[in-house]
Amino acid sequence: MKILLAEDEKITRKSLTDILTAEKHEVVSFDNGNQAYESIKKNDYDVIITDIRLPGMNGIDILKNAKELNPKIIVIIITAYASVETAVEALKFGAYDYLIKPFSPVQLLSILQHIDQLKLVLSENENLKKRIALLEDKTIIGSSEKVKSFMNTIKTVAPQDYTVLIQGESGTGKELCARTIHNFSTRKNKNFIAINCAVIPETLIESELFGHEKGAFTGAIKKHIGYFEKANEGTLFIDDIDDLPYNIQVKLLRVLQEKEISRVGSTESIPIDVRIICASKVDLKQKVVEKQFREDLYYRLNIIPIFLPPLRKRKEDIPELLIHFLKKHGGEDKIQFLNDDIYSTLQKYNWPGNVRELENITERIIALSPNNLINPAVFEPLLNSPDKTEQDKTAFEHYDNFDQYISNKEKEIINWALEKSSNNVTAAAKILKIPRTTLRSKMEKLLITNYNES
Ligand SMILES: Nc1ncnc2c1ncn2[C@@H]1O[C@H](COP(=O)(O)OP(=O)(O)OP(=O)(O)O)[C@@H](O)[C@H]1O
Ligand SMILES: [Mg+2]
């Protein structure tokens, strides 16, 4: 430890310095209180050992001033028998302990040993606190243009009560975004309730959403409060909304319009004030075209659309995410071993499971590299072959019929051209070597909407 010793008796100063140095402590000593205090101001000491009576500033004032500079600093007071009361007083001002002269070196060393243990516990505690904060942390990581763009939308719409529809592949952070919107809203101190339409059996979904009265149906042995009521005044996050059965879609639409619900088996209307955020892994508009999702509900939900890009389209976020997940899962000591080879290995991969997959792999890396060291060889076996999912999608066997396959291919190519031309239709038509009007009508047919007219 780095120790400051303030003691005006030359012999005591010298012998204490020798004892402490022999125990591998770094000791700086002073025979004057003012000089000692000047040094405390400029240096980071772990422990201050000070006599009470000193030329210049006395030990008690050193204690008070040092504590003011750094409340965590540890101070040990040395005193002659005559001033024990002052020493007790010193404890009130936050001294860690006191020693009465004459004392044996063993006494001092045992106090220092306790301090060492205390410091260890405190720093472990500090680390745990940091990790807990990160685990609960709902901040969205990423500085790519794509992340900045949806973050802007989130921050703008969060304080208002608009219904938001978040679309993106699995693991892109839809639920995280929904929670972020809630946390940025005026409802942040009220409930955030998340439900998933894909996991609730079709027969139960209505009573889960709206609740039921006792005896409403066979098995309804007692009254049940639904998610809408539980989320009252807060936010209801409806995940996998595309899985909501068609007959319930009508009921949801009615609730959204009338802002009241009735429990199954009851005619009483209960007013509700809930902000709705929905999410879908599939293109909900396509579901409307296929007549599996009601158009009127679609427009009601899609007031503010947010599209979360897959990780493969924003690979520049990978390093930042990797560091974030290493910290989050207790692998902070590995950050120093990250290098360009690791990043380029990760950037070659296609990330079909998106950010969740990166988080899972990071957790496995921590478990698989006990000696701090991580290198690309650790990652490689965890990553499936690059571009696997892209190839899968293009395989004809995944489509119902030829037309659907061709439409999808057309869509892929047009999207590619739009991406290359920053969504400018004229420029995209040039790339594809087709007339602009042809491209526009194809886009209309394929429901491609991410373009700029020019
Ligand atoms: N940008 C991000 N920054 C930090 N963590 C993220 C980010 N995106 C996703 N995550 C983390 O990745 C994991 C998956 O995110 P989330 O559950 O929100 O995805 P999802 O889109 O809802 O997935 P699914 O469609 O499978 O339900 C979570 O642990 C989440 O905290
Ligand atoms: Mg989710």
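Residues numbered from 1 in each chain as written. Chains lettered and ligands numbered in written order. Predicted model: local features only at pLDDT ≥ 70, side-chain atom pairs only at ≥ 80, totals over all residues. Heavy atoms only, no water.

Trainee: Can you tell me about the sheet that holds strand 8 (residues 235-239), naming the residues and giving the values?
Mentor: With respect to topology, five strands assemble into an open sheet ordered 7-8-11-6-12, the strand pairing being parallel. Lying at the two open borders of the sheet, with one neighbouring strand each, are strand 7 (192-196) and strand 12 (304-308). For this sheet the average axis-to-axis angle between neighbouring strands, irrespective of direction, equals 20°. Both strand 6 (residues 164-168) and strand 11 (residues 275-280) contribute to a ladder of four bridges, which runs parallel. Among the inter-strand pairings, I166 is bridged to a residue of strand 11, identified as A279. Of the strands in this sheet, strand 6, strand 11 and strand 12 are in contact with helix 6 (residues 145-157), which crosses strand 12 at around 150°. (Pairing = 2+ DSSP bridges. Helix = DSSP H or I, 4+ residues; strand = E, 2+ residues; numbered from the N terminus. Axes fitted to C-alpha atoms, helices over the stretch in contact; angles between N-to-C directions. Contact = heavy atoms within 4.5 Å.)

Trainee: Before we move on, could you go through the nonpolar core and cite the residues and values that matter?
Mentor: By size, the foremost hydrophobic cluster in this structure holds 32 residues, and its most contacted members are F228, L236, I238 and I241. Elements that contribute at least two residues to this core include exactly strand 7, helix 8 (205-210), helix 9 (227-230), strand 8, helix 10 (246-258), strand 11, helix 11 (284-289) and helix 12 (295-301). Considering each element in turn, this core owes the most residues, five residues, to helix 10. If you look at the next biggest cluster of nonpolar residues, it comprises 22 residues, including I318, L322, L346 and L383. (Core = buried A, V, L, I, M, F, W, Y, C linked by side-chain atoms within 4.5 Å. Buried < 20%, exposed > 50% of the residue type's maximum accessible area, 1.4 Å probe, protein only.)

Trainee: Give me the lowdown on the pattern of salt bridges, citing residues and values where you can.
Mentor: With the rule as written, the count across this model stands at 26 salt bridges. Across the salt bridge formed by R187 and D161, the nearest N and O atoms sit 2.9 Å from each other. On the criterion of sequence distance, the pair formed by R187 in the loop between helix 7 (174-183) and strand 7 and D161 in the loop between helix 6 and strand 6 is long-range, its members being 26 residues apart. Under the relative-accessibility criterion, D161 is labelled partly exposed at 46%. E233 is the partner of K190 in a salt bridge, and the nearest nitrogen-oxygen pair spans 2.9 Å. A residue pair is termed long-range when its members are at least 10 positions apart, and K190 in the loop between helix 7 and strand 7 and E233 in the loop between helix 9 and strand 8 qualify at 43 residues. Judged by relative accessible area, K190 falls into the partly exposed class, the value being 42%. Within the structure, one salt-bridge network assembled from shared partners comprises E7, E9, D51 and K101. (Salt bridge = Lys/Arg side-chain N within 4 Å of Asp/Glu carboxyl O.)

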